[in-house]
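A look at the structure
Single-letter residue listing:
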Amino acid sequence: MKKLLILVLSFVLFDCNQGPSATAYVTEGNKGLNHKIPYREALAAYNTAIELKPDYAVAYAGRGHLEIKMHNYFGALRDFQKALSLDHNLTGLYYFMGYAKEQVGDHEGSQVAYTKAIEQNPQNAKAYTDRAYVRQILKDQKGALQDFNEAIIIKPDSFPDVYVARGLLKIKMNDKNGGCLDLHHSFKLQPDSMTRHY
């Protein structure tokens, strides 16, 4: 049994004695996403994986996630676009593209990416919530309200801050009673929240 385990590990970590595989380097890079190694080491691991296998979509996706953690949003966007060009099944990346575009001030692009994330996963409450915030920036109050409503329908008691955001939006839209109800509901969900100060 021990010999079988060693044999399996050697195939995972090495490609026919040519050194560590691209997969092994991605696994190492993923440790940076979990704060188990420094970001620069994780970045070097992803870079090596891509050098070894330039068409490895998962390596670009992992590096893109790391780039977000490092606040290099343009690098993240570049990597996510490359990953999607190599593997169209990595549709979960649309949410992160929306986030990265939002961080660089591309609110229209962010809205488009969040919309694609929602199309791929209509139960993604976080994508609805983040698109609502972007829609508020774009002065689309009705669209923002619809998105907050959808997020709350999907996860009614998971996001106290969404109730706060929706409540404030309702007040801004002259629905003071509805806004106050949302704010009170938020306080019930998270009584120790800083939202008490709104």
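Details of the structure are given in the entry above.
These numbers come from a predicted model, not from an experiment.

1. Some words on the overall build of the protein chain
When helices and strands are counted, the protein chain shows eleven helices and zero strands. In sequence order, the secondary structure elements of the protein chain are arranged as α-α-α-α-α-α-α-α-α-α-α. Intrachain contacts of the protein chain at a sequence separation of at least 6 include 41% that bridge at least 24 residues. For the protein chain, the accessible area works out to roughly 11,600 Å², and carbon and sulfur atoms hold 55% of it.

2. Some details on the pattern of salt bridges
Tallied over the entire structure, the rule returns eleven salt bridges. One salt bridge connects Lys 126 with Asp 130, and the closest N-O pair in it is separated by 3.3 Å. Remark: Asp 130 and Lys 126 occur in helix H8 (residues 125-137); sequence separation between them is four residues, near one turn of the helix. According to the relative accessible area criterion, Lys 126 is partly exposed, its value standing at 38%. Within this structure, Arg 63, Glu 67, Arg 78 and Asp 79 form a network of salt bridges that share partners.

3. Some details on the packing of aromatic side chains
By the definition in use, this model includes five aromatic pairs. Judged by centre distance (6.5 Å) and plane angle (45 degrees), the ring pair of Phe 80 and Phe 96 falls under tilted. Here the residue Phe 80 occupies a position in helix H5 (residues 73-86), and Phe 96 occupies one in helix H6 (residues 93-103), the gap between them amounting to 16 residues. Aromatic pair Tyr 95 and Phe 96: ring centres 5.3 Å apart, planes at 85 degrees, arrangement edge-to-face. The class of Tyr 95 is buried, set by a relative accessible area of 12%. When the ring centre of Tyr 56 is taken as origin, the NZ or CZ atom of Lys 53, which lies over that ring, is 4.7 Å away.

4. Concerning the nonpolar core
Counting residues in each nonpolar core, the largest one holds 35 residues, and the members touching the most others are Val 26, Ala 59, Ile 68, Phe 80, Ala 83, Leu 93 and Met 97. Those elements that provide at least two residues to this core are helix H2 (22-33), helix H3 (39-52), helix H4 (57-69), H5, H6, helix H7 (107-120), H8 and helix H9 (141-154). Among residues more than four places away in sequence, those in contact with Ile 68 are Tyr 73, Ala 76, Phe 80, Phe 96, Tyr 99 and Ala 100. In this structure, Ala 132, Ile 152, Val 162 and Ala 165 belong to the second largest nonpolar core, which totals nine residues.

What counts and how
Residues numbered from 1 in each chain as written. Predicted model: local features only at pLDDT ≥ 70, side-chain atom pairs only at ≥ 80, totals over all residues. Heavy atoms only, no water. Helix = DSSP H or I, 4+ residues; strand = E, 2+ residues; numbered from the N terminus. Contact = heavy atoms within 4.5 Å. Areas by Shrake-Rupley, 256 points an atom, 1.4 Å probe, with all protein chains shown as cover. Salt bridge = Lys/Arg side-chain N within 4 Å of Asp/Glu carboxyl O. Buried < 20%, exposed > 50% of the residue type's maximum accessible area, 1.4 Å probe, protein only. Phe/Tyr/Trp six-rings, centres within 6.5 Å; stacked < 30°, edge-to-face > 60°. Lys NZ or Arg CZ within 6 Å of the ring centre and 35° of its normal. Core = buried A, V, L, I, M, F, W, Y, C linked by side-chain atoms within 4.5 Å.

All quantities given are derived from atomic positions and should not be read as evidence of function.
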